[in-house]
Structure formats: C-alpha cells, structure tokens
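Residue-level listing of the chains:
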Amino acid sequence: MTKKDFYSKAEFFTPDEIFDIQKQRFINILNIIKNTKFSNFYQQKILQHNQNKLTLDNVIAKFNNCNDKADFYNLFNQLIPFTTKQDLRENYPDKLCCFDKKNYVRLHCSSGTTGNPTAIFYTKADLDKWADLMARSLFVAGVRPDDVFQNMSGYGLFTGGLGIHQGAEKLGCLTIPAGAGNSKRQIKLLQDFGVTVIHILPSYALHIAEIISEYKKHQFSNLRIAIVGAEPYSEESRQRIQNALGVKVFNNFGLSEMNGPGVGIECQQQNGIHIWEDSFIAEIINPQTCEILPNGEIGELVLTTLTREGMPILRYRTRDLTKILGNDCPCGRNHLRIDRILGRSDDMFIVRGVNIFPMQIENILMNFQQISNNYVIMLQTNPQSNLDDLHIKVEIKNEFFSEDIRQLQNLQKAIESALHDEILVRPIIELVQHNSLPKSDGKVKRVIDLRQK
Ligand code: AMP
Ligand code: ZN
C-alpha cells in the first residue's frame, strides 16, 4: 500500500506525532473537566485520587511541562484514576456531561443486561468526530465511496446501527439501514442492490453464512468485505464467514463508552486491531492489581477518550481481555495493534474450580467440520453429585447428522476429549440437529447458567 492511500493523514502519524497529539488533546480534555460547571465527577475523582495534594491546575501544569513520552505515561498512570462501569452506573443518566443539555444532539446506551444501563451523550462536534473515525476505519478495511454498504445490525440505542451508518455515509457509500434479523429480506437486499460491503455481528454472520451457502455463490458475487465486530469471535469463525460469503472479514472494535464502533479496526493485514491512538489512549492492565502490563501480556484493556468534549471518560476499564501486539505493521501505520478480544473478564465462568472463557470452547468447536455454526453452553448442578456440569449443545450439519449412531457417538467423544484437553474439564456434549437451537440477530447469549446458587 502506498502512503497516499489514506482517509485521514492521522493514520500515518509517526510515534512522535501520535504522542504530540495525545498530549495536546489530553490537556484539552483536562481543561474541559476543570472548567465545566455541569459535572464535578472528574474534578472530585482526580482530587481524591491525589489526596487533595494537587489542584486540577497543578495536574494540568505537570502534563504541560512533560515532554518525554515515558514520563508522560508515568504521570498519566500516577495522577489519573480509573473509571469503572460502576462509576458510570452510579452517575446515570447524565452526571458526567460537561456541557449544558442544549449542547447535546444524541444519546446512546450500552447493552448491559443488569442494573442501570450506561448512557453516553454526544454534542454535534462529538458526532462529527465519531463519524470521521468510523469512515476512517471503513476506509482502512478497504471500503471506498462507490461501495454499496448494508448495515445488518440493530439500530436504536445500540451504537452498531447509527454509529456504523454515519461512518459509511460520511465515506460516501450508498448505505442501506437494513437493521438486524429477517434473513430472507437481508438476502433480497444483498441481491437487489448489488451490495459490496456488509456490517454484521459474528453470531448473525455465522447464521446468514449457512443460509447463503444454500444459494449459488454467483448471486452474491459483488460482496467483497464484511465488517464484523461487537462481540468476540474466533479466528476459525472468521475463516468460516470468509469462506461462506466469499468476503474478507475485518475485525472492528468499539464500545459505547468510547462512542461506539470506530475505536479501532484491522487493516488489510488482518493481524490485529489498530486502535486510533490520536483519539484514544489505550493501556493493558492486570485486572486484579491494576498494574500496567508490558506488550504481549494478556490483561484488561483500559481506554481514554481524547476528543469527546461533551462527556470525556478517563481510563475506562472495559473488562475486555486482550494483549498489545505492537505498534508497527507492514501497512505502515504506527497506531498500536491489539489482539482480537479474547473475552470479557465478566464472561469467564468457573466450573469445578477451573476458569473457562467461552471463546476457548468456540475455538475448539469450530475446528470440527461436522459442527455447524451454532452452539450453546449450559452450566448445571448435577443433582446426584451436587457438582457443576458443563453441558454443551452443538448443532451438527445436516450431511453429518447420520442415522449411524456409532458415527455420532465417535464424533461426540472426539469433541469431548478435544475440549477436555483445552479446558481441563470433561464436558457433556449433546449433538443436536441443524437449526434446532435458538438464533440471535443481536448480541448472542452463548452461556446459560442454570446452577443452583
Ligand atoms: P456496547 O457498548 O454495548 O456496544 O458493547 C461493547 C462491548 O462489545 C465491548 O466492550 C466488547 O466486549 C464487545 N465488542 C465490541 N467489538 C468487539 C470485537 N470486535 N470483538 C470482540 N468483542 C467486541
Ligand atoms: Zn496495519
């Protein structure tokens, strides 16, 4: 790729240029926090964190006087407290808004399932910057203004609808707000409008992939790119989606607390997600001790908004587990790359004393060509032993759901032992017929915990 092939020249900033802009933008955010009359959340939080020894002016001066990158990040680690989901819930709906209500033009909520949701408010300038980051992300994945873009994720409070939509429009694509679900209609739209790019959740993509494989490939020959994110998926699942749809899949990452999608995406190398460091500071911490971890170590991703004026969020503990892969890439961009999200710290479940992430199970299941794309993990208390059972229902492709019981039993055993090797717990595998498990067109719930608490 030539260096001229970019949407924003920020994509090709050198590490020094990235640092300069991070410093300038972070100080700008601190000034917004200092000057606002509408939220005292960070004013208090930063003072408390520094045991009232430093005023906000002192803190800003320290950052201003710091010209060395390593010193800057040390200072950041020392002076700036973490923000948690709990903080956002306790300050729901709007106690982090730095401006008068009349300055905001939109809000979104995160997809949390328990307790208060978290609400994010955007000014007009915030929406413009977000659209720009999303357009940049799509461009980096190879999307161009003459593409026809079908957004197959739910609209409404979820940022994957409007967030992606505004980026595709900003880039200049003909954008179809298809929304989630109704696979027949989705496929009709794909065909009728010669769609070239889709945005889709991985669980829904795996479902659509099965339906599409029943059609003739040439009916979708225009389709070339799938932007896939919003929930974890394995490399095996990426391969399945690529093969079934005849597309290249790019892993797209974001969360409502950091606007939504557009925090980062994979480039043509498909070798990890570039986080847009001119707009976010990314760190990986040990979730137990909160220490910063070196590149290559798995921990919790922590993100800071650098350009959102209406509702800045500092050092947000995402609960997403990943590792930093580095900040060089054959594409020439220096924005750091993180590994695919391996799971969320709150997705982990414990069975018979062993910590297990759903993604470990998906990795193994998707290696079996007989298994179709849907499965569900059930945690149950065994009434006899009173121990936890890990019960996994997996759909088998029609051509393998044979009447030969022995063949199915062999497959079942093979899956059981492959999983046992990986997770050290022997699961109970139930093979079920294709299309018999519930489907999802929003974020999928793969784990059902029925254990007696
Ligand atoms: P929400 O704020 O409701 O949109 O949810 C954001 C969360 O979705 C993130 O914190 C991640 O846990 C998950 N997520 C978003 N993008 C990805 C991705 N590309 N891979 C894995 N998980 C993702
Ligand atoms: Zn790259």
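Placed above this text is the structure.
Residues numbered from 1 in each chain as written. Chains lettered and ligands numbered in written order. Predicted model: local features only at pLDDT ≥ 70, side-chain atom pairs only at ≥ 80, totals over all residues. Heavy atoms only, no water.

Enquirer: I keep staring at the layout of surface pockets and nothing clicks. Help me out?
Expert: As a volume, the second largest pocket reaches approximately 470 Å³. What lines the second largest pocket is a set of 22 residues, among which Y73, E277, A282, I324 and L336 lie closest to the centre. At the level of secondary structure, the elements contributing two or more residues to the lining of the second largest pocket comprise α1 (15-35), α4 (69-79), β10 (280-285) and β13 (324-326). The leading source of residues in the lining of the second largest pocket is α4, at five residues. Classifying every residue of the lining of the second largest pocket by side-chain character gives 12 nonpolar, seven polar and three charged. (1 Å grid on protein atoms, 1.4 Å probe; cavity = no way out; pocket = protein on both sides within 12 Å on 5 of 7 lines; lining within 4 Å. Points joined across faces, edges and corners; volume = space filled by probe spheres on them. Helix = DSSP H or I, 4+ residues; strand = E, 2+ residues; numbered from the N terminus. Nonpolar A, V, L, I, M, F, W, Y, C, P; charged D, E, K, R; others polar.)

Enquirer: What exactly am I supposed to notice about the nonpolar core here?
Expert: Soluble globular proteins: nonpolar side chains tend toward being buried together. Within the largest apolar cluster, 75 residues are counted, with the highest numbers of intra-cluster contacts made by F63, I227, I275 and L303. For this core, the element with the most residues is helix α6 (residues 124-140), which contributes eight residues. Once residues within four sequence positions are removed from consideration, I227 is found in contact with L138, A141, V143, F149, V197, I198, H199, I200, F250, N252 and I265. Counting 26 residues, the second largest nonpolar core, distinct from the first, contains L189, L223, A226 and L245. (Core = buried A, V, L, I, M, F, W, Y, C linked by side-chain atoms within 4.5 Å. Buried < 20%, exposed > 50% of the residue type's maximum accessible area, 1.4 Å probe, protein only. Contact = heavy atoms within 4.5 Å.)

Enquirer: Please clarify how helix α9 (residues 202-212) should be interpreted in this entry.
Expert: Because an α-helix packs 3.6 residues into every turn, residues spaced three or four apart end up facing the same way. Burial analysis of α9 places 10 of its 11 residues in the buried class, the great majority of the element. For α9, the set of buried residues is P202, S203, Y204, A205, L206, H207, I208, A209, E210 and I212. On its buried side, α9 packs onto α8 (183-192), β5 (197-200), β6 (225-229), α10 (235-245) and β18 (371-381).

Enquirer: Looking at this structure, how should I read the coordination of the zinc ion (ligand 2)?
Expert: Think of it this way: four donors in a tetrahedron around the metal ideally sit 109.5 degrees apart, and six in an octahedron ideally sit 90 or 180 degrees apart. Surrounding the zinc ion (ligand 2) are the protein donor atoms C267 (SG), H274 (NE2), C329 (SG) and C331 (SG), which sit 2.1 to 2.3 Å from the metal. Metal-centred angles of 104 to 114 degrees between the four donor atoms at the zinc ion (ligand 2) mark the site as tetrahedral. Linear spacing of the donor residues for the zinc ion (ligand 2) on their chain is C-x6-H-x54-C-x1-C. A residue pair is termed long-range when its members are at least 10 positions apart, and H274 in strand β9 (residues 273-275) and C331 in the loop between β13 and β14 (337-338) qualify at 57 residues. The buried category is assigned to H274, whose relative accessible area is 0%. Judged by relative accessible area, which is 7%, C331 ranks as buried. (Donors = N, O, S within 2.8 Å, 3.2 Å for Na, K, Ca; no water. Tetrahedral: all angles 85-135°; square planar, octahedral: opposite > 155°, others 65-115°.)

Enquirer: When you look at the pairing of strand β11 (residues 299-305) in this model, what are you seeing that I'm missing?
Expert: Successive side chains on a regular strand alternate, one facing one side of the sheet and the next facing the other. Counting buried positions over the seven residues of β11 gives seven, a clear majority of the element. The sheet contact formed by β11 and strand β12 (residues 316-322) spans four bridges and is antiparallel. Within β12, the residue paired with E300 across the bridge is L321. (Pairing = 2+ DSSP bridges.)

Enquirer: Sorry if this is basic, but what is going on with empty space enclosed by the protein here?
Expert: By rolling a water-sized probe across the atoms, one finds the places where empty space is left. Using the criterion set out here, one finds three cavities of 30 Å³ or more in the structure. Roughly 120 Å³ of volume is contained in the largest cavity. Taken together, 13 residues line the largest cavity, and the ones lying closest to its centre are S203, H207, N373, N374 and K439. Those elements that provide at least two residues to the lining of the largest cavity are α9 and β18. No other element matches the four residues that α9 contributes to the lining of the largest cavity. For the lining of the largest cavity, a count of residues per class yields three nonpolar, six polar and four charged. Counted as a void, the second largest cavity has a volume near 50 Å³. Every residue along the wall of the second largest cavity is listed here: L88, N91, Y92, P93, D94, K95, L96, T118, A119, I120 and M311.

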